[in-house]
Amino acid sequence: MTSRILNILLAVLATLLALASLLWAPGELVEVSKRAPDVARAILIELRLPRMILGLAIGAVLGLTGAALQGLLRNPLAAPDVLGSSTGAAFGAVLASYYLGIGGTLGLALGGMTGAVTALLLLLLLAGPAATTASLILAGVAISALASALTNLALSLAPSPFALYDVLFWLLGSLADRSLDHVLFALPPMIVGGWLALSTRRGIDALALGEEVASSLGQNVAAMRMKIVIGTGLAVGAAVAVAGAIGFIGLVVPHLVRPFVGHRPGAAMIPSALAGACLLTAADLFVRVPIAGQELKLGVVTAMLGCPFFLWLILRGRARAAS
Amino acid sequence: MTGLVATGLARPPMLQPTSLALRPGEVLGLIGPNGSGKTTLLRALASLSAGPGRVTLDDTDVRALPAPVRARRIAYLPAEREAGWPMRVRDVVALGLMPFGGTDDAAIDRALALADVVGFADRRIDHLSTGERARVLLARALVGRPDHLLLDEPTANLDAHHQLAILDALRGEAARGAGVLITLHDLALAERWCDRLLLLDGGRAIADGSPHDVLSESRLGEIFHVRRAESGWERC
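Visitor: Can you walk me through the pairing of strand β8 (residues 179–183) of chain B in this structure?
Guide: The side chains of a regular strand alternate between both faces of the sheet. Residue and element names in this part refer to chain B. Of all five residues in β8, five are buried; the element is thus mostly enclosed. Of the two faces of β8, the one holding Gly179, Leu181 and Thr183 and the one holding Val180 and Ile182 are both buried throughout. Two strands pair when backbone bridges link them, and strand β3 (residues 27–31) and β8 are joined in this way by four bridges, in the parallel orientation. Looking across to β8, one finds that Leu28 is bridged to Leu181. Summarising the sheet, strand β7 (residues 148–151) and β8 pair through four bridges and their orientation is parallel. Counted as the bridge partner of Leu151 is Ile182 from β8. Crossover connection from β7 via helix α6 (residues 160–175) to parallel β8: handedness right-handed.

Visitor: Explain the sheet that holds strand β6 (residues 74–77) of chain B to me, please; I cannot follow it from the model alone.
Guide: Strand pairing in a sheet relies on backbone hydrogen bonds. The paired strands run either parallel or antiparallel. Residues and elements named next belong to chain B. On the basis of which strands lie adjacent, the open sheet formed by six strands has the order β6-β7-β8-β3-β9-β10 and mixed pairing. What marks the edges here is a single partner per strand, and that holds for β6 and β10 (204–209). Direction aside, neighbouring strands of the sheet carry axes that sit 15° apart on average. Each of β3, β7 and β8 is contacted by α6, which is oriented at about 150° to β8, the strand it contacts most.

Visitor: Whenever I open this one, the packing of helix α11 (residues 249–257) of chain A against helix α12 (residues 269–287) of chain A confuses me. Can you help?
Guide: Helix-helix packing: each pair is described by the crossing angle between the helix axes and the interaxial distance. Residues and elements named next belong to chain A. Close contact between α11 and α12 brings their axes to 9 Å; oriented N to C, the two are set at 120°. Judged by the inter-axis angle, α11 sits oblique to α12. Here α11 runs over α12; the crossing is right-handed. On α12, the residues touching Ile249, Val253, Pro254, Leu256 and Val257 of α11 are Pro271, Ser272, Ala275, Gly276, Leu279 and Leu280. Class assignment for the residues of the contact of α11 with α12 results in nine nonpolar, two polar and no charged.

Visitor: I'm lost on the nonpolar core in this one. Help?
Guide: If you look at soluble globular proteins, the nonpolar side chains tend to sit buried side by side. Counting residues in hydrophobic clusters, the biggest one holds 171 residues, and the most contacted among them are Ala239 of chain A together with Ala139 of chain B. In terms of residues, this core owes the most to one element, helix α3 (residues 37–73) of chain A, which gives 14 residues. Leave out the neighbours within four places in its chain, and Ala239 of chain A touches Ile58, Val61, Leu62, Ala186 and Met190 of chain A.

Visitor: Help me understand helix α10 (residues 221–243) of chain A in this model?
Guide: At 3.6 residues per turn, the α-helix brings residues three or four places apart onto the same side. The first and last C-alpha atoms of α10 of chain A sit 32 Å apart over 23 residues, in line with the 33 Å expected at 1.5 Å per residue. The first or second residue beyond α10 of chain A is Gly244 of chain A, which carries a positive phi of 80°.

Visitor: Where do I start with the packing of helix α8 (residues 180–198) of chain A against α10 of chain A in this structure?
Guide: Residue and element names in this part refer to chain A. Where α8 contacts α10, the axes come no closer than 7 Å and their chain directions differ by 160°. Classified by the interaxial angle, the pair formed by α8 and α10 is roughly antiparallel. The handedness of the crossing between α8 and α10 comes out as left-handed. Contacts between α8 and α10 involve His182, Phe185, Ala186, Pro189, Met190, Val192, Gly193, Gly194, Leu196 and Ala197 from the first element and Lys227, Ile228, Ile230, Gly231, Thr232, Leu234, Ala235, Gly237, Ala238, Ala239, Ala241 and Val242 from the second. Split by residue class, the contact of α8 with α10 holds 15 nonpolar, six polar and one charged.

Visitor: Would you take a moment to explain unusual backbone geometry for this structure?
Guide: Peptide bonds are mostly trans, and most non-glycine residues show a negative phi. In this chain, Pro12 of chain B is followed by Pro13 of chain B through a cis amide linkage whose omega measures 5°. Secondary-structure assignment places Pro13 of chain B in the loop between β1 (4–11) and β2 (15–22). Of note, His263 of chain A is a non-glycine position whose phi angle comes to about 60°, a positive value. Considering the arrangement of structural elements, one finds His263 of chain A in the loop between α11 and α12. Its identity is not glycine, yet Asn157 of chain B carries a phi of approximately 70°, on the positive side.

Visitor: Help me understand the sheet that holds β1 of chain B in this model?
Guide: Residues and elements named next belong to chain B. Taken together, the four strands give an open sheet; going across it, the order is β2-β1-β4-β5, and neighbouring strands pair in antiparallel fashion. Strand pairing shows two members of the sheet lacking a second neighbour, β2 and β5 (60–61), which therefore form its edges. Examined bridge by bridge, strand β4 (residues 54–57) and β5 share two bridges and lie antiparallel to one another. Following the sheet pairing, Leu57 is matched in β5 by Thr60. Where helix α1 (residues 38–45) meets the sheet, it contacts β1, β2 and β4, and its direction lies at approximately 125° from that of β1.

Visitor: Can you help me understand the pairing of β3 of chain B in this one?
Guide: Residues and elements named next belong to chain B. In terms of burial, β3 is largely enclosed, as five of its five residues are buried. As paired strands, β3 and strand β9 (residues 196–201) are joined by four bridges and run parallel to one another. For Ile31, the partnering residue across the bridge sits in β9 and is Leu199.

Rules used throughout
- Residues numbered from 1 in each chain as written.
- Chains lettered and ligands numbered in written order.
- Predicted model: local features only at pLDDT ≥ 70, side-chain atom pairs only at ≥ 80, totals over all residues.
- Buried ≥ 20, exposed ≤ 12 C-beta atoms within 10 Å, placed from the backbone.
- Helix = DSSP H or I, 4+ residues; strand = E, 2+ residues; numbered from the N terminus.
- Pairing = 2+ DSSP bridges.
- Right-handed = clockwise from strand over helix to strand, strands pointing away.
- Axes fitted to C-alpha atoms, helices over the stretch in contact; angles between N-to-C directions.
- Contact = placed C-beta atoms within 7 Å.
- Parallel < 35°, antiparallel > 145°, perpendicular 65-115°, else oblique.
- Left-handed = near helix turned anticlockwise from the far one by under 90°.
- Nonpolar A, V, L, I, M, F, W, Y, C, P; charged D, E, K, R; others polar.
- Core = buried A, V, L, I, M, F, W, Y, C linked by C-beta atoms within 7 Å.
- Expected span 1.5 Å × (residues − 1).

Below, the structure is given as structure tokens:
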């Protein structure tokens, strides 16, 4: 299957899922529109539309940056949260909620974005101007560990158990009750970050043969590295800031896509973005089906989808090693 | 001076100031014991490391050349045969055309044939043996028909037939006017296939000249601790 056909199929699927997200429970929607057209319009424009846009955009940046990072690091286990911006965003949100008293999902998002950008700046500062891929990852792991520890410290010193409950649920990831303000807040850094990562797609194939060969083929490896790191930091930071931690999409989606594009890292980037958008929108549809009277959290669903896939990867690796 | 010319190229402590000229149409063999600085010199020539010295390509400083222009004219093959993803052989070879900004099926077919990997052009690179993979990566270096080829141990991991076939192909590249610089550990191959040899030891150029002159009995004993014997080489 060529990349173009795959992209068209995934784009069609993403459109169908987006429509399903927008027109979820159509019978109820029609009924409400008959009784109170303004309420139906408000449900569509103020609740469903932001949820749909954020589902598509966040899924896309998670898939895209996952593919970009795996290509850069030549490591199939790389995921967007490896650079520390996700944990930085979580820490920023906890701080904003507890100690600055900024409430609501938009307040958490503001804190989260500040945390993500701070983590990114710290990463660039720690790795230095002549950063190698290894030094960036080491710095990312260190920042991620520090931000996780500080988040746990803040949670354990929580001034109010209700605030703790709010933040814990926020950290599990959700697209519910997000508004167009969230969209306007998160979309610009996600677009800029996604564009930065995507701009490396032509050169990143050369990295499959190592950084030296990529340089000898005329690629500016240092520039490519910084574009992916800054792009991932911005886009994933914004995503976590508005929707909480949504794991596994950035890790799993590139694996699903790669066999269809001949395992070329650059060719996997656009389909990974489209498949990420599909997967997150599908997961968000799934969480709307109440289980035991509760709406599941998005991060829980994506992790439950991702873990079996990981197990399959391990089993396949074992089978190959044995053959 | 035409060709790839290095003046005072140094990367301490591995390489002391060294000068050399790779002329169009010649196969220059870089020889020396392990740790003599061959790979360091090759990387410096390919502008992959920073340090003292100057490299010019037809009298133009290579650092002044735009990266894609330099990449079109100088191909580099490292000793590590890395392939991070299980890409198709044909796609791997096509990477060599990246500086040209497009693809060229005829050029890819020619490179596949030169490296004798036509038979598995559609296979994944991780499904090949080490030697087959080495030939695929060599095809990647050859595909753009560069003016200069800098190849680190192009015959490593190859069987005897393919060692000779690859060296024959490289002689063909020199015949079309390319300057070919190869590092070799097999002194018999270096003697037979290279027009000129540059001998390194301890990061210094010890000798530069015809294979006959460079591989004198005294140098073989002094630098490599071997001497010629009926069956090839023996330790001394």
